[in-house]
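The lines below spell out each chain.
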Amino acid sequence: MVNWGAVVIGFVLSIILSWLFGAMFSGGNYFGLFIAGLIVGLMVGDGALNGAWNAAIAGAFGGIIAAILIVIGGTLFLGIAGFLAGAAVGLVVVVVAIIQSLILMGIGGAIGGAIKG
């Protein structure tokens, strides 16, 4: 079952920690996603599978929001051509971000859920 409080907190943490660690060192955004997933897993508990599931949902929200922002930005700056380019790039961003978050945040969530559960 999805713990929406933990998912929202994980979504916010994934953005903040990815930005923070990404600014500190190369590849830090991946470490930020892992830590955010670990925190979500610790919040949820109930075993590794439940922690991984909730963390992956939080990461997927991050990818979807990033794609929406790319489409809006492209439309504002370049009109219809920007919308089309933003939509194409946004689709790729969503697919890559979902796969990336499923792996990184899912592993972190599984570890956190196993520790707590």
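Residues numbered from 1 in each chain as written. Predicted model: local features only at pLDDT ≥ 70, side-chain atom pairs only at ≥ 80, totals over all residues. Heavy atoms only, no water.

Trainee: Could you give an account of unusual backbone geometry, with specific residues and numbers?
Mentor: Even without being a glycine, D46 presents a positive backbone phi close to 55 degrees. Mapped onto the elements, D46 comes out in the loop between helix 2 (28–44) and helix 3 (48–116). Judged by its relative accessible area of 64%, D46 is exposed. (Helix = DSSP H or I, 4+ residues; strand = E, 2+ residues; numbered from the N terminus. Buried < 20%, exposed > 50% of the residue type's maximum accessible area, 1.4 Å probe, protein only.)

Trainee: Explain the UniProt feature "transmembrane region" (unreviewed entry) in the protein chain to me, using residue names and the numbers behind them.
Mentor: Mapped onto this numbering, the UniProt entry gives "transmembrane region" (unreviewed entry) at residues 7–25, 31–49, 61–85 and 91–115. Secondary structure over residues 7–25 splits into 95% helix and 0% strand, and the C-alpha atoms at its two ends are 26 Å apart. (UniProt positions renumbered as here; feature names shortened; annotations may be inferred.)

Trainee: Break down helix 2 for me, with residues and values.
Mentor: For helix 2, spanning 17 residues, the distance from its first C-alpha to its last is 24 Å, which sits close to the expected 24 Å at 1.5 Å a residue. Listed as buried for helix 2 are G28, G32, L33, I35, A36, G37, V40, G41 and V44. Against the buried residues of helix 2 lie helix 1 (4–24) and helix 3. Looking one or two residues past helix 2, G45 carries a phi angle of roughly 70 degrees, positive in sign. (Expected span 1.5 Å × (residues − 1). Contact = heavy atoms within 4.5 Å.)

Trainee: Explain a nonpolar patch on the surface to me, using residue names and the numbers behind them.
Mentor: A surface patch of nonpolar side chains, about 1,100 Å² in accessible area, is lined by W4, F61, I64, I65, I68, L69, I72, L76, F77 and L78. In this structure, F77 sits in helix 3. (Patch = residues over 30% accessible without salt bridge, like charges linked within 9 Å, V, L, I, M, F, W, Y side chains within 5 Å. Areas by Shrake-Rupley, 256 points an atom, 1.4 Å probe, with all protein chains shown as cover. Salt bridge = Lys/Arg side-chain N within 4 Å of Asp/Glu carboxyl O.)

Trainee: Go over the environment of G117 with me, naming the residues and quoting the values.
Mentor: Positionally, G117 belongs in the segment after helix 3. Here G117 falls in the exposed class, since its relative accessible area comes to 72%.

Trainee: Account for helix 3, with residues named and values stated.
Mentor: Counted at 1.5 Å a residue, the expected span for helix 3 with its 69 residues is 102 Å, but the 9 Å between its end C-alpha atoms falls short. The largest bend along helix 3 measures about 155 degrees and falls at L78. (Bend = angle between axes of the 7 residues up to and from the residue.)

Trainee: Report on the nonpolar core, specifying residues and quantitative values.
Mentor: Core analysis: the largest hydrophobic core is formed by 13 residues, its most contacted members being L17, V40 and M105. Listing elements by their share of this core, those giving two or more residues are helix 1, helix 2 and helix 3. By residue number, the principal contributor to this core is helix 2, which donates 5 residues. Setting aside anything within four residues of it in sequence, one finds M105 in contact with G10, S14, L33, A36, G37, A55, A58, G59 and Q100. (Core = buried A, V, L, I, M, F, W, Y, C linked by side-chain atoms within 4.5 Å.)

Trainee: Residue-level account of the side chain of S18, with values.
Mentor: Summarising the element assignment, S18 is placed in helix 1. Among the polar contacts made by the side chain of S18, one reaches the main-chain carbonyl oxygen of N29 at a distance of 3.3 Å. Sequence-distant contacts of S18, defined by excluding residues within four places in its chain, comprise L13, N29, G32 and L33. (Polar contact = N/O pair within 3.5 Å; in protein donor to acceptor, adjacent residues only side chain to side chain.)

Trainee: Describe in detail the environment of G108, supporting the description with residues and values.
Mentor: With respect to the element layout, G108 can be found in helix 3. For the pair G108 and I35, spaced 73 residues apart in sequence, the C-alpha separation works out to 6.4 Å.

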